[in-house]
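A look at the structure
Each chain, written out:
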Amino acid sequence: MNEYADLLIIGAGPAGMSAALAAAASGARIVLLDDNPLSGGQIWRGGPHAHLPEQARQLRERLAACGNIRHHPGTRVVACPGPKQLLVENADHGWLIDYDKLILCTGARELLLPFPGWTLPGVTGAGGLQALIKGGLPVRGERLVIAGSGPLLLASAATAKHNGARLLRIAEQASASSVAGFALQLPRWPGKLVQSLTLFDRQYRTGTHVVAALGEEKLEGVRLRQQGKIIELACDRLACGFGLIPNTQLGQALGCELAGTALAVDAWQATTLADHYAAGECTGFGGSERALVEGAIAGHAAVGNSAAAEQLWPRRAHWQGFARALNGAFRLDPQLKALAHADTLVCRCEDVPYAAIAGHTDWRSAKLASRCGMGACQGRVCGGALQYLFDWQPSAPRPPFSPARIETLLCVDETPPG
């Protein structure tokens, strides 16, 4: 089965939803893909314990009402076998999609840094814990510590408390002066100021980071360095997140260039590859508001409505200012690069310790010598960690980009033309 789209959008988070709705008025045939069962991305993730904001519900309703938008939930991109063609797969089958224009709204994933004990049962990412709780994980009565950096810690803590967890500590690695400086700028974005006041918790501590997770068979406690002093807290669950990494793998595979760790885009959200656009956190982290306006600009630009796109530039600049303030305030302290010990696993899939990697000069040589990044997650976790620890640029992804059935791979006709 083959499918054709005038506009193909990868990712149905805030940026992807906004892009689809902006482009819909043109009458273009729009296909929206996402690997989650419901639109909304990670920030508006569905589930039995999820509480969606009104804005998310309205966007879902508007998408469902557009007859020229076809949404494929639970669908992953497997490969890009030809120009303007993707091989995709859902739970039932695989097929090829040909397109004229494409918008990448692939979002971001958590940066997880290795430290002693981080692989113990009971230790998760901060965003990962939030997703698990929304999906139905019971946490009532559990003693919880959340550590790392950025506003996601507060959001994850709020979700856990709402579901009955006992919050012992929110350990923010940024200094008190950095957090205070950021807070003083929040009146420029009144909604964010209100949100921060709503989410703040008295267990929040700045200048504090995880040193080790404690336990033998499962998590029993956590060791923290809190404003220069070592403390230990007994706990049942530890959630750590050190910020976000843009998901650029598909963009790189297509041939889009990077700007730092994110996909490079111009004023129209166009990438360096003709007819390919990008919006949201794959172009840099800045929150749902920035993702929404970037998605709308990309959607308008992709269908040729440059006037509507340009009208949104001031709003984008407003939220780009928030992103700069946020990323500056919560920049990671270099001392976090020393968390891992020689025997600390860096690649969980292949059981590769820090000592087996530290002597190498680049990602490729470390992979060849140790199999780091060659396991089930294909470097999605350890790749980001090694990029932060050693400034290694991950190698370009090779298909299949995710596990796929043989039947799906056979959709690609590799027979040369006669």
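Further up the page is the structure itself.
First, a word on what this report is: a plain description of the structure on this page. (Residues numbered from 1 in each chain as written. Predicted model: local features only at pLDDT ≥ 70, side-chain atom pairs only at ≥ 80, totals over all residues. Heavy atoms only, no water.)

1. Digging into the packing of helix 1 (residues 14-24) against helix 8 (residues 288-302)
For any two helices packed against each other, the geometry is given by the interaxial angle and the distance between the axes. Note the cut-off: The axes are straight lines fitted to the C-alpha atoms, using for helices just the contacting stretch, and the angles between their N-to-C directions are given from 0 to 180°. Helix and strand definitions here come from DSSP, where helices need a minimum of 4 consecutive H or I residues and strands a minimum of 2 consecutive E residues; each element is numbered from the N-terminal end. Crossing handedness is defined as follows: a turn of the near helix away from the far one that is anticlockwise and smaller than a right angle gives a left-handed crossing, while the clockwise case is right-handed. By definition in these notes, contact holds between two residues if any of their heavy atoms fall within 4.5 Å. Polar here means any residue other than Ala, Val, Leu, Ile, Met, Phe, Trp, Tyr, Cys and Pro, which are nonpolar, and Asp, Glu, Lys and Arg, which are charged; Gly is therefore polar.
Between helix 1 and helix 8, the shortest axis-to-axis distance is 7 Å and the interhelical angle comes to 35°. The two elements helix 1 and helix 8 meet at a crossing, and its hand is right-handed. Side by side, helix 1 and helix 8 meet where P14, A15, S18, A19, A22 and A23 of the first sit next to S288, A291, L292, G295, A296, G299 and H300 of the second. Class assignment of the residues belonging to the contact of helix 1 with helix 8 gives a composition of eight nonpolar, five polar and no charged.

2. Examining unusual backbone geometry
A cis amide bond links P399 with the next residue in sequence, P400, at an omega value of -5°. Looking at where P400 falls in the secondary structure, it is placed in the loop between helix 13 (382-390) and helix 14 (406-409). In this structure, D275 takes a positive phi of about 70° despite not being glycine. Unlike most non-glycine residues, D391 shows phi in positive territory, near 60°. Mapped onto the elements, D391 comes out in the loop between helix 13 and helix 14.

3. A look at the sheet that holds strand 13 (residues 221-226)
Hydrogen bonds between backbone groups are what pair the strands of a sheet, and the pairing can be parallel or antiparallel. So the rule is basically this: Pairing between two strands requires that DSSP report at least two bridges joining them.
The strand order across the open sheet formed by three strands is 12-13-14, and the pairing between neighbours is antiparallel. Where the open sheet ends on each side, the last strands, each with one partner, are strand 12 (208-214) and strand 14 (229-234). Going across the sheet, the axis of each strand differs from the next one's by a mean of 25°, ignoring polarity. With six bridges joining them, strand 13 and strand 14 adopt antiparallel strand pairing. Across the sheet, the residue bridging to Q226 is K229, located in strand 14.

4. Structural notes on a nonpolar patch on the surface
Definition in use: Patch building starts from residues that exceed 30% relative accessible area and form no salt bridge, then joins like charges within 9 Å and nonpolar side chains (Val, Leu, Ile, Met, Phe, Trp, Tyr) within 5 Å. With residues, only the protein chains shown are counted as cover, and all accessible areas are computed by Shrake-Rupley using a 1.4 Å probe. Basic side-chain nitrogens of Lys or Arg form a salt bridge, by our definition, when they fall within 4 Å of a carboxyl oxygen of Asp or Glu.
The grouping of I406, L409 and L410 at the surface amounts to a nonpolar patch, some 310 Å² of accessible area in total. Relative to the helices and strands, L409 is located in helix 14.

5. Side note on helix 1
For clarity, the cut-off: Burial classes follow relative accessibility: with a 1.4 Å probe on protein chains only, a residue under 20% of its type's maximum area counts as buried, one over 50% as exposed, and anything between as partly exposed.
With 11 of 11 residues buried, helix 1 is to be regarded as a mostly interior element. Regarding helix 1, the residues found buried are P14, A15, G16, M17, S18, A19, A20, L21, A22, A23 and A24. Buried residues belonging to helix 1 abut strand 1 (2-10), strand 2 (30-33), helix 2 (54-65), strand 3 (69-72), strand 6 (94-104) and helix 8.

6. Remarks on the sheet that holds strand 10 (residues 166-172)
The strand order across the open sheet built from five strands is 8-15-9-10-11, with neighbouring strands paired in parallel fashion. Edge positions in the open sheet fall to strand 8 (123-125) and strand 11 (204-205), since each of these has one partner strand only. Inspection of the sheet shows strand 10 paired to strand 11 by two bridges, in the parallel sense. Following the sheet pairing, A171 is matched in strand 11 by R205. Sitting on the sheet, helix 3 (residues 126-134) is in contact with strand 8, strand 9 (143-148) and strand 15 (237-241), with an inclination near 95° to strand 8. Of the strands in this sheet, strand 9, strand 10, strand 11 and strand 15 are in contact with helix 4 (residues 152-162), which crosses strand 10 at around 180°.

7. Some remarks on the nonpolar core
The test is simple: Nonpolar cores are built from buried Ala, Val, Leu, Ile, Met, Phe, Trp, Tyr and Cys residues. Side-chain atoms within 4.5 Å join them into one set.
Ranked by size, the top nonpolar core spans 39 residues in total, and within it F115, V210, L238 and F242 carry the most contacts. Looking at this core, the elements with two or more residues in it are strand 9, strand 12, strand 13, strand 15, strand 20 (345-347), helix 12 (363-370) and helix 13. Residue contributions to this core peak at five residues, all from helix 13. Those residues in contact with F242, other than ones at most four positions away along the chain, are L111, L113, G148, S149, V210, L332, L336 and L339. Counting residues in hydrophobic clusters, the runner-up holds 30 residues, among them L7, A12, I30 and L63.

The analysis is restricted to geometry; functional conclusions fall outside its scope.
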